[in-house]
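Listed below, chain by chain, are the residues.
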Amino acid sequence: MFAPPYVAPDRFDAQLAAEGHAVVSPATVQRSFGIAAEALAALRPSWSDLPADGYLKDGGRYRFRRHSCFAADHGAEGQTLTLAPHRAHWQPLDYNALHGGIERWFEPMAAEVIAQAAWPQLLLGLAGVADRLKGQRPWFIEAHQFRIDTTDGIGRPTPEGAHRDGVDLVAVFLVDRHQIKGGESRVFEAQGPMGQRFTMSEPWTLLLLDDERVIHETTPIQPDG
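Residues numbered from 1 in each chain as written. Predicted model: local features only at pLDDT ≥ 70, side-chain atom pairs only at ≥ 80, totals over all residues. Heavy atoms only, no water.

Enquirer: Describe the overall build of the protein, and please don't skip the residues or the numbers.
Expert: Helix and strand counts for the protein come out as five helices and eleven strands. A compact globule built from 225 residues should have a C-alpha radius of gyration of about 17 Å, and the protein, at 17 Å, falls within 12% of that. Across the 225 residues of the protein, 42% fall into the buried class. A total accessible area of about 11,300 Å² is found for the protein, and carbon and sulfur atoms account for 52% of it. Of the charged side chains in the protein, 21 are positive and 29 negative, and the gap between their average positions amounts to 4 Å. (Helix = DSSP H or I, 4+ residues; strand = E, 2+ residues; numbered from the N terminus. Rg over C-alpha atoms; globule rule 2.2 N^0.38 Å. Buried < 20%, exposed > 50% of the residue type's maximum accessible area, 1.4 Å probe, protein only. Areas by Shrake-Rupley, 256 points an atom, 1.4 Å probe, with all protein chains shown as cover. Lys, Arg positive; Asp, Glu negative; His and termini not counted. Charge placed at Lys NZ, Arg CZ, Asp CG, Glu CD.)

Written out as structure tokens, the structure reads:
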């Protein structure tokens with residue numbers, strides 16, 4: 001496995017702006033977003049309570065997910081986060097040729113997860129990254145909890161292949177890995193030949209992507225042993 005190319009703690013904004021992507025270590029996530037390791041760990045069990053994704057066109061049983069939407073804005077007392085009304089997840093075919101063009105209604109995130117202190121800290125921290133990258137403004141945030149397993153011998157984190165999401169900023173957190181191999185992250189220039197590959201293995205490693213400039217994918221996973 002290629003180790004993640006962690007950016008220096010004070011450089012991830014600059015690298016994201018210069019190269020369109022940055023890999024942030026768990027320690028830097030905690031320090032930059034003001035979140036204790038224990039608070040992040042308290043979120044992890046909720047990934048074991050995700051309904052099956054019923055929209056997989058390959059008939060697979062390897063993906064489980066929840067989806068909720070939020071609004072981050074600037075007020076007199078600083079940034080605020082609001083839960084938006086539940087809605088379908090929709091992508092145009094131009095961005096997702098496999099599952100685009102249809103409304104996909106996933107179960108919302110559990111209220112007790114959203115109520116944990118670490119959750120708004122994560123999303124508001126990411127809104128701050130987006131402010132610095134794109135300019136300060138209100139942000140609409142789509143949050144997805146995914147779990148990929150190897151029930152059928154193989155799991156596909158990105159069955160649509162290398163893609164863009166059609167948004168301003170993509171943030172991918174690794175929550176955990178357990179007895180699997182594969183799952184290599186790959187990031188490529190959208191309009192060029194350059195790319196990078198690595199495997200995230202430490203819980204709460206963060207991959208930041210300027211979606212206008214790069215495409216990304218994660219290779220399939222298999223049981224380890």
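From this point on, the discussion continues.
Enquirer: How would you sum up unusual backbone geometry? Please name residues and give values.
Expert: Positive phi, close to 50°, is recorded for Q179, a residue that is not glycine. Tracing the backbone through its elements, the reader meets Q179 in the loop between β5 (169–173) and β6 (180–182). Phi angles above zero are rare outside glycine, and W204 is one such case at about 75°. Topologically, W204 is positioned in the loop between β8 (195–198) and β9 (206–210).

Enquirer: An account of the sheet that holds strand β10 (residues 214–218) is requested, with residue identities and associated values reported.
Expert: Pairing is antiparallel across the open sheet formed by three strands, whose spatial order is β8-β7-β10. If you trace the sheet from one side to the other, it starts and ends with β8 and β10, each paired once. The sheet shows a mean angle of 15° between the axes of neighbouring strands, taken without regard to direction. Alignment of strand β7 (residues 185–189) against β10, held across five bridges, turns out to be antiparallel. Paired with S185 across the strands is T218, a residue of β10. (Pairing = 2+ DSSP bridges. Axes fitted to C-alpha atoms, helices over the stretch in contact; angles between N-to-C directions.)

Enquirer: I'd love a proper account of helix α5 (residues 118–134), names of residues and values included.
Expert: Given a rise of 1.5 Å per residue, 17 residues ought to cover 24 Å, and the 24 Å separating the end C-alpha atoms of α5 matches this to within 8%. When you tally the buried positions in α5, you get 13 out of 17 residues, the bulk of the element. (Expected span 1.5 Å × (residues − 1).)

Enquirer: Which residues make up helix α2 (residues 26–33), and what values do they have?
Expert: Where α2 is concerned, the buried positions are P26, T28, V29 and F33. Seen along its axis, α2 keeps its buried residues to an arc of 160°; they face one direction. At its buried positions, α2 is contacted by α1 (12–19), β1 (21–24), α5, β5 and β9. In the segment just after α2, G34 is the residue with positive phi, at about 70°. (Arc of directions from axis to C-beta. Contact = heavy atoms within 4.5 Å.)

Enquirer: Outline the packing of α1 against α5, supporting the account with residue identities and numerical values.
Expert: Between α1 and α5, the least distance of the axes is 10 Å, while the angle of their chain directions is 50°. Between α1 and α5, the angle is such that the two are oblique. Between α1 and α5 lies a crossing of right-handed hand. Between α1 and α5, the residues in contact are F12, D13, L16 and A17 and V129, R132 and L133, respectively. (Parallel < 35°, antiparallel > 145°, perpendicular 65-115°, else oblique. Left-handed = near helix turned anticlockwise from the far one by under 90°.)

Enquirer: Give a detailed account of the nonpolar core, specifying residues and quantitative values.
Expert: Residues F33, L43, W119, L122 and L208 are the most contacted members of the largest nonpolar core, which totals 35 residues. Elements with a minimum of two residues in this core: α1, β1, α2, α3 (37–43), β2 (63–75), α5, β4 (139–148) and β9. Ignoring any residue separated from it by four or fewer positions in sequence, one finds L122 in contact with V29, F33, I35, L40, L43, F173 and W204. Membership of the second largest hydrophobic core comes to nine residues, among which are V170, V187, M200 and V214. (Core = buried A, V, L, I, M, F, W, Y, C linked by side-chain atoms within 4.5 Å.)

Enquirer: Quick rundown of the packing of aromatic side chains? Include the residues and the values.
Expert: Given two aromatic rings, one states the distance between the centres and the angle between the planes to describe the pair. Evaluated as defined, the whole model comprises four aromatic pairs. Their ring planes at 85° and their centres at 6.1 Å tell us that W47 and W204 sit as a pair that is edge-to-face. Here W47, found in the loop between α3 and β2, pairs with W204, found in the loop between β8 and β9; they are 157 residues apart in sequence, far enough to count as distant. With respect to class, W47 is no different from W204; both count as buried. (Phe/Tyr/Trp six-rings, centres within 6.5 Å; stacked < 30°, edge-to-face > 60°.)

Enquirer: Describe the pattern of salt bridges, naming the residues involved and giving the relevant values.
Expert: Within this structure, the stated rule accounts for eleven salt bridges. In the salt-bridge network here, residues are joined through shared partners; they are D53, R63 and R65. (Salt bridge = Lys/Arg side-chain N within 4 Å of Asp/Glu carboxyl O.)

Enquirer: Could you give me a rundown of the sheet that holds strand β3 (residues 78–83), with the residues and numbers involved?
Expert: Taken in spatial order, the three strands line up as β3-β2-β4 in an open sheet, and their pairing is antiparallel. Looking at which strands have only one partner, the edges of the open sheet turn out to be β3 and β4. Neighbour to neighbour, the strand axes of the sheet diverge by 30° on average, direction disregarded. Pairing of β2 with β3 involves six bridges; the strand directions are antiparallel. Bridge pairing in β3 places A72 opposite L81. Of the strands in this sheet, β2, β3 and β4 touch α5, which is tilted by about 120° from β3.

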